[in-house]
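Given next are the chains, with one letter for each unit.
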Amino acid sequence: MQAERGDWVVLRVSGEMDLVTSPAVRQHVHDAVAEGRHAVVLDLSEVRFCDSSGVGVLIAARRLMRSCSGQLRLILPPQDARDGSHVNRVLAALGVRRLFEVYPDLAAATTATAA
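Undergrad: Outline the overall build of the protein chain, supporting the account with residue identities and numerical values.
TA: Along the backbone of the protein chain there are 4 helices and 5 strands. In the protein chain, the succession of α and β elements from N to C terminus is β-β-α-β-α-β-α-β-α. Its C-alpha radius of gyration of 13 Å places the protein chain within 12% of the 13 Å reference for a compact globule of 115 residues. With respect to the principal axes defined by its C-alpha atoms, the protein chain has extents near 35 × 30 × 25 Å. Looking at the protein chain residue by residue over its 115 residues, the buried ones come to 46%. Pairs at least 24 apart in sequence give 74% of the contacts found in the protein chain among residues at least 6 apart. Of the roughly 6,000 Å² that the protein chain leaves accessible, carbon and sulfur atoms contribute 50%.

Below is the structure:
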């Protein structure tokens, strides 16, 4: 689930982000910050379902990273992508997508300058 790419900690999430699995994602983000890492990429390209608890974890992760002057970036396929765009659609429908720095792939997320 965790890898490193330059200064970035990359957390890959797959399957579902729901009431059962979201606490693990939250814990991995907290662990990265506790280790002194303040540049986190959440790769959500393989997430096929995200409910409100998953969205809550993303918002909490954003808040945590901002509180430590860190950066959080999400990897999401475009909303119109055939596969893997569920999270993007959910965030857009809830009106919170604009809160996140979203990138199409790992290379873009870890090489782009801060927005």
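Undergrad: Account for helix H1 (residues 22–34), with residues named and values stated.
TA: Here H1 contains 13 residues, and its C-alpha end-to-end distance of 18 Å stays within 8% of the 18 Å for a straight helix at 1.5 Å per residue. Listing the buried residues of H1 in full gives Ser22, Val25, Val29, Ala32 and Val33. Mapping the buried residues of H1 onto a view down its axis gives an arc of 100°, with all of them on the same face. Packing partners of the buried residues in H1 comprise strand E2 (8–17), strand E3 (39–50) and helix H2 (52–67). Phi turns positive, to about 90°, at Gly36, one or two residues after H1.

Undergrad: So what's going on with unusual backbone geometry? Residues and values would help.
TA: Non-glycine residue Ser69 carries a positive phi angle of around 55°. Positionally, Ser69 belongs in the loop between H2 and strand E4 (71–75).

Undergrad: Tell me about the pattern of salt bridges, and please be specific about residues and values.
TA: Per the counting criterion, the structure on display carries 4 salt bridges. Across the pair Arg37 and Glu4 runs a salt bridge, and its minimum N-O distance is 3.1 Å. On the criterion of sequence distance, the pair formed by Arg37 in the loop between H1 and E3 and Glu4 in strand E1 (residues 2–5) is long-range, its members being 33 residues apart. Arg73 is paired through a salt bridge with Glu101; the nearest N and O atoms lie 3.1 Å apart. Taken together, the residues Arg73 in strand E4 and Glu101 in strand E5 (residues 101–103) connect sequence positions 28 residues apart. We note that Arg73, like Glu101, is buried.

Undergrad: Run through the environment of Leu74, naming residues and quoting values.
TA: Checked against the element boundaries, Leu74 lands in strand E4. Leu74 sits 47 residues away from Gln27 along the chain, and the two C-alpha atoms are 17 Å apart. Setting aside residues no more than four positions away along its own chain, Leu74 makes contact with Leu42, Leu44, Leu58, Leu91, Phe100, Glu101, Val102 and Tyr103.

Undergrad: Go over the sheet that holds E1, please, and point to the residues and values.
TA: Strand order in the open sheet made by the 5 strands is E1-E2-E3-E4-E5, with mixed pairing throughout. Where the open sheet ends on each side, the last strands, each with one partner, are E1 and E5. Pairs of neighbouring strands in the sheet enclose a mean axial angle of 30°, with direction left out of account. Where E2 meets E3, 8 bridges bridge the pair, whose relative direction is parallel. From the neighbouring strand, Ser14 faces E3, where its bridge partner is Glu46. The strands that H1 touches are E2 and E3; relative to E2, the one it contacts most, it runs at about 175°. Its contacts with the sheet place helix H3 (residues 86–93) against E3 and E4, and it is angled at close to 95° to E3.

Rules used in this analysis
Residues numbered from 1 in each chain as written. Predicted model: local features only at pLDDT ≥ 70, side-chain atom pairs only at ≥ 80, totals over all residues. Heavy atoms only, no water. Helix = DSSP H or I, 4+ residues; strand = E, 2+ residues; numbered from the N terminus. Rg over C-alpha atoms; globule rule 2.2 N^0.38 Å. Buried < 20%, exposed > 50% of the residue type's maximum accessible area, 1.4 Å probe, protein only. Contact = heavy atoms within 4.5 Å. Areas by Shrake-Rupley, 256 points an atom, 1.4 Å probe, with all protein chains shown as cover. Expected span 1.5 Å × (residues − 1). Arc of directions from axis to C-beta. Salt bridge = Lys/Arg side-chain N within 4 Å of Asp/Glu carboxyl O. Pairing = 2+ DSSP bridges. Axes fitted to C-alpha atoms, helices over the stretch in contact; angles between N-to-C directions.

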